[in-house]
Amino acid sequence: TLKSIAKFATAASILTVSLNVFAEPIEIKFSHVVAENTPKGQMALKFKELIEQRLPGEYVVNVFPNSQLFGDNNELAALLLNDVQFVAPSLSKFERYTKKLQIFDLPFLFEDMDAVDRFQQSESGQKLLNAMNRKGVVGLGYLHNGMKQFSANDPLNVPKDANGKKFRIMASDVIAAQFDAVGAIPVKKPFSEVFTLLQTRAIDGQENTWSNTYSMKFYEVQSHITESNHGVLDYMVVTSNTFWKGLPADKRAVFKSSLDEAIALGNKIAAEKGNEDKQAILDSNRSKLVTLTPEARQQWVNAMKPVWAKFEDQIGKDMIDAAQAANT
Ligand code: LMR
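Residues numbered from 1 in each chain as written. Predicted model: local features only at pLDDT ≥ 70, side-chain atom pairs only at ≥ 80, totals over all residues. Heavy atoms only, no water.

**Student:** What is the right way to look at the site of the ligand in this model?
**Tutor:** Near the ligand there are 13 residues, and of these K40, K93, R168, N212 and Y235 occur at the shortest range. For the ligand, an oxygen atom lies 2.8 Å from a polar atom in the side chain of R168. Taking N208, its side chain carries an N or O atom lying 2.9 Å from an oxygen atom of the ligand. When the ligand sits alone it has 270 Å² of accessible area, and the protein chains cover 100% of it. (Near = heavy atom within 4 Å. Polar contact = N/O pair within 3.5 Å; in protein donor to acceptor, adjacent residues only side chain to side chain. Areas by Shrake-Rupley, 256 points an atom, 1.4 Å probe, with all protein chains shown as cover.)

Here is the structure:
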């Protein structure tokens, strides 16, 4: 009988091995709205590379850039339906799921990207990764893009230059309030529509990072870019609770460490590309750079900072204090 058990075991293991050989790898989808040649685009591709290298034959990661699969209006809903397993919306796009992340949209809160990074890595910042857990959205990490600049078809030197102009914004009430504060008209639109809206002059301006303004060619249809550094555009890489908890623990660990490495690469690219893409825009001579004097910049600060008070209750005063503490 021992012999027959051994025979059976061998047969069983051969069967298992051959089943593994023939088993199709599980498809994982990562959807995003930007171009491949961006911090987020490169991060997603690195993640794919690492997963397929570390879990060969078990998983394939298919990355869908440029809102090809899902766009701003449906990527989080698709995540919760498990139609996509990873998305990385900007921090401004979660307000239907939590009001806590609105902190990142407060104008003139962070002095620079180092301050943003310090806050994100702090205890308060890490806590925010869990802000949507009860809604089934799991925050796995922050990814940088950069500071936002204003662009328009006229030079924006002082706040009154924005008065009456239409600006495309991400779906964020804080950003809407920021433009209301200078008498502008904010229009919430998905990222995929921005170029056409600017080109057809349906809207006058927008705010974005150097990377997005360059990769989406917004600078070709905007005459002026004001170097305002008035806010941050960063991302949270999220998955669904259903998918994440459904992964075997050992695989989940590989997914998490691979994602951390991919994010580190994305952050490095973000730091480099900010300057490179700004330079490429300036070299193109398609739009002119508006540099603010300290006095002019102070006018924007004075006009927009009152927005903080409106959202303080939703965001939490302690969070705002923690973010400000990251500036020094
Ligand atoms: C935007 O909508 O302007 C950005 O959030 C796009 C992105 O993902 O960087």
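From this point, things continue past the structure.
**Student:** Would you mind showing me how to read the pattern of salt bridges here?
**Tutor:** Scanning all chains against the criterion turns up 16 salt bridges. Close ionic contact of E95 with K188 constitutes a salt bridge, the shortest N to O distance being 3.7 Å. With a gap of 93 residues between them, E95 in the loop between β3 (86-87) and α4 (113-121) and K188 in strand β6 (residues 185-188) connect regions that are remote in the sequence. Judged by relative accessible area, K188 falls into the partly exposed class, the value being 39%. If you follow the salt bridges from partner to partner, you end up with E58, D250 and K251 in one network. (Salt bridge = Lys/Arg side-chain N within 4 Å of Asp/Glu carboxyl O. Helix = DSSP H or I, 4+ residues; strand = E, 2+ residues; numbered from the N terminus. Buried < 20%, exposed > 50% of the residue type's maximum accessible area, 1.4 Å probe, protein only.)

**Student:** Would you take a moment to explain the packing of aromatic side chains for this structure?
**Tutor:** Geometry of an aromatic ring pair is reported as the spacing of the ring centres plus the angle between the planes. Per the stated rule, a full pass over the model turns up 17 aromatic pairs. With a centroid separation of 6.1 Å and an interplanar angle of 70 degrees, the aromatic rings of F30 and F47 are classed as edge-to-face. Remark: F47 occurs in helix α2 (residues 39-54) and F30 occurs in strand β1 (residues 26-31); sequence separation between them is 17 residues. Over the face of the ring belonging to W308 we find K305, whose NZ or CZ atom lies 4.8 Å from the ring centre. (Phe/Tyr/Trp six-rings, centres within 6.5 Å; stacked < 30°, edge-to-face > 60°. Lys NZ or Arg CZ within 6 Å of the ring centre and 35° of its normal.)

**Student:** I tried to follow helix α13 (residues 317-325) on my own but got confused; where do I start?
**Tutor:** Owing to its 3.6 residues per turn, the α-helix aligns residues three or four sequence positions apart on the same side. Listed in full, the buried residues belonging to α13 are M319, I320 and A323. Projected down its long axis, α13 shows its buried positions confined to an angular sector of 100 degrees, all on one face. In this fold, the buried residues of α13 make contact with α4, α5 (123-128) and α12 (307-315). (Arc of directions from axis to C-beta. Contact = heavy atoms within 4.5 Å.)

**Student:** Help me understand the side chain of S67, please; the structure alone is not making it clear to me.
**Tutor:** Within the secondary structure, S67 is located in the loop between β2 (59-64) and α3 (75-80). The contacts of S67, once residues within four sequence positions are left out, are H32, V33 and S192.

**Student:** Can you walk me through the pairing of strand β5 (residues 166-169) in this structure?
**Tutor:** A regular strand carries its side chains on alternate faces of the sheet. Sheet analysis places β5 next to β6, joined by four bridges and oriented parallel. Looking across to β6, one finds that K166 is bridged to I185. Tracing the backbone out of β5, into helix α6 (residues 173-180) and back to the parallel element β6 gives a crossover that is right-handed. Relative to strand β7 (residues 205-208), β5 is paired through two bridges, and the arrangement is parallel. What sits directly across from R168, in β7, is Q206. (Pairing = 2+ DSSP bridges. Right-handed = clockwise from strand over helix to strand, strands pointing away.)

**Student:** In this structure, what is going on with empty space enclosed by the protein? I would like to understand it.
**Tutor:** Unfilled space is identified by rolling a water-sized probe across the atoms. Counted according to the given criterion, the structure contains one cavity of 30 Å³ or more. In this structure, the largest cavity encloses a volume near 70 Å³. For the largest cavity, the lining is made up of 14 residues, of which V33, S90, K93, N212 and Y235 are closest to its centre. (1 Å grid on protein atoms, 1.4 Å probe; cavity = no way out; pocket = protein on both sides within 12 Å on 5 of 7 lines; lining within 4 Å. Points joined across faces, edges and corners; volume = space filled by probe spheres on them.)

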